[in-house]
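These are the residues of each chain, in order.
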Amino acid sequence: MYSNQYARDGYCVATGLLTAPECDQLKAEAVAVMRAHAPAKATVFVGAAVVSPLFRRLADDPRIVGILRHIMPDGVAFMSDKIVFKSGAQRFASPWHIDAFYWRNTRPKLSVWIALDDVAADNGALIVVRGSHRQEWQSATSDMRDTNGEFNNVIEQKTWRPEDEVICEVPRGSAIFFSDLLVHASCENTAGKDRFSLISTYHGPAPDEEFDKQFPARHVIP
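Here the structure is a predicted model, which means the values were calculated and not measured.

1. Examining the nonpolar core
- Counting 40 residues, the largest nonpolar core has Phe177 and Tyr202 as the members making the most contacts within it.
- Formed by 31 residues, the second largest nonpolar core is a distinct cluster that contains Met79, Ala100, Val119 and Ala185.

See the structure below:
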């Protein structure tokens, strides 16, 4: 089921992967990691698995890896992860982009967007453009003033059908698996409540590329 939807739409959704207590523990850990390691006012911290054993174990969680193996039958390797949050103070909508803009000329990758809070359109839900992974996209350079200095490669020309935009409203503990070629963005957090998520990125188990070597938590999952 997951592999068929992923191939067709460029993403798939698995609800209820993590329990409510697990989400509480991971969110508390995310808050602690951001306070200890992220710059003031940052909304993203890359490398949670490097500094947190809890997030390192999550990267190999069999509930996540089991779905990955359906999508990636040739093998799975973890590359890196990042904590992402929105709040009343940092409420901006993430712009349209594909992740492959940030690692050009490297092997294909897949990310898992894990909701640590209930996610709705009013608190920063992920928006995807289904089927957009089968097209080629050109990036434009953003001045980043409206995105806390955190997005510099964006898609300005919206050539897809509006009906293909899907707002991924999911309960906490759910995961959205999506291709690095899938166009996506996020809603603005108009609710003013914290919304924490973790985005873990994986690729095939081929030998390390030069790009991979900047991520010290990378490893092949047996």
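2. A few points about the pattern of salt bridges
- Enumeration according to the criterion identifies 13 salt bridges in this entry.
- Arginine 107 is the salt-bridge partner of glutamate 209, the closest N and O atoms lying 3.8 Å from each other. With glutamate 209 in the loop between strand S11 (195-203) and strand S12 (219-220) and arginine 107 in the loop between strand S3 (77-86) and strand S4 (109-115), the pair connects residues that are 102 residues apart, well separated along the chain.
- Look at arginine 107 and you get buried, because its relative accessible area is 9%.
- A salt bridge links arginine 107 to aspartate 212, with the shortest nitrogen-to-oxygen separation between them at 2.5 Å.

3. Thoughts on the environment of aspartate 99
- By secondary structure assignment, the location of aspartate 99 is in the loop between S3 and S4.
- Classification of aspartate 99 by relative accessible area gives buried; the value is 9%.
- If we skip the residues at most four places from it in the chain, aspartate 99 touches Ser111, Phe178, Asp180 and His184.

4. Some remarks on the pairing of S3
- With 9 of 10 residues buried, S3 is to be regarded as a mostly interior element.
- The pairing of strand S2 (residues 44-46) with S3 spans 3 bridges and is classified as antiparallel. Following the sheet pairing, phenylalanine 45 is matched in S3 by isoleucine 83.
- By the bridge criterion, 2 bridges tie S3 to S12 in an arrangement that is antiparallel. Bridge pairing in S12 links phenylalanine 78 to histidine 219.
- Pairing of S3 with S11, which is carried by 9 bridges, proceeds in the antiparallel orientation. Within S11, the position partnered with phenylalanine 78 by the bridge is tyrosine 202.

5. Concerning the packing of aromatic side chains
- The full count for this structure, using the stated rule, is 6 aromatic pairs.
- Between tryptophan 96 and tryptophan 160, the ring centres sit 5.0 Å apart and the planes meet at 65 degrees, which makes this aromatic pair edge-to-face. Here tryptophan 160 lies in the loop between strand S7 (153-154) and strand S8 (165-168) and tryptophan 96 lies in the loop between S3 and S4, a separation of 64 residues in the sequence. Across the pair, exposure class does not vary: tryptophan 96 and tryptophan 160 are buried alike.
- The interplanar angle of 75 degrees and the centroid separation of 5.5 Å between the aromatic rings of tryptophan 137 and tryptophan 160 together place this pair among those described as edge-to-face. Linking tryptophan 137 in the loop between strand S5 (126-129) and strand S6 (140-141) with tryptophan 160 in the loop between S7 and S8, this pair joins segments that are 23 residues apart in sequence.
- Among the residues examined, tryptophan 137 registers a relative accessible area of 11% and is labelled buried.
- Note on tryptophan 160: relative accessible area 9%, which makes it buried.
- What links up through ring pairs into an aromatic cluster is the set Trp96, Trp137 and Trp160.

Definitions and limits used
- Residues numbered from 1 in each chain as written.
- Predicted model: local features only at pLDDT ≥ 70, side-chain atom pairs only at ≥ 80, totals over all residues.
- Heavy atoms only, no water.
- Core = buried A, V, L, I, M, F, W, Y, C linked by side-chain atoms within 4.5 Å.
- Buried < 20%, exposed > 50% of the residue type's maximum accessible area, 1.4 Å probe, protein only.
- Salt bridge = Lys/Arg side-chain N within 4 Å of Asp/Glu carboxyl O.
- Helix = DSSP H or I, 4+ residues; strand = E, 2+ residues; numbered from the N terminus.
- Contact = heavy atoms within 4.5 Å.
- Pairing = 2+ DSSP bridges.
- Phe/Tyr/Trp six-rings, centres within 6.5 Å; stacked < 30°, edge-to-face > 60°.

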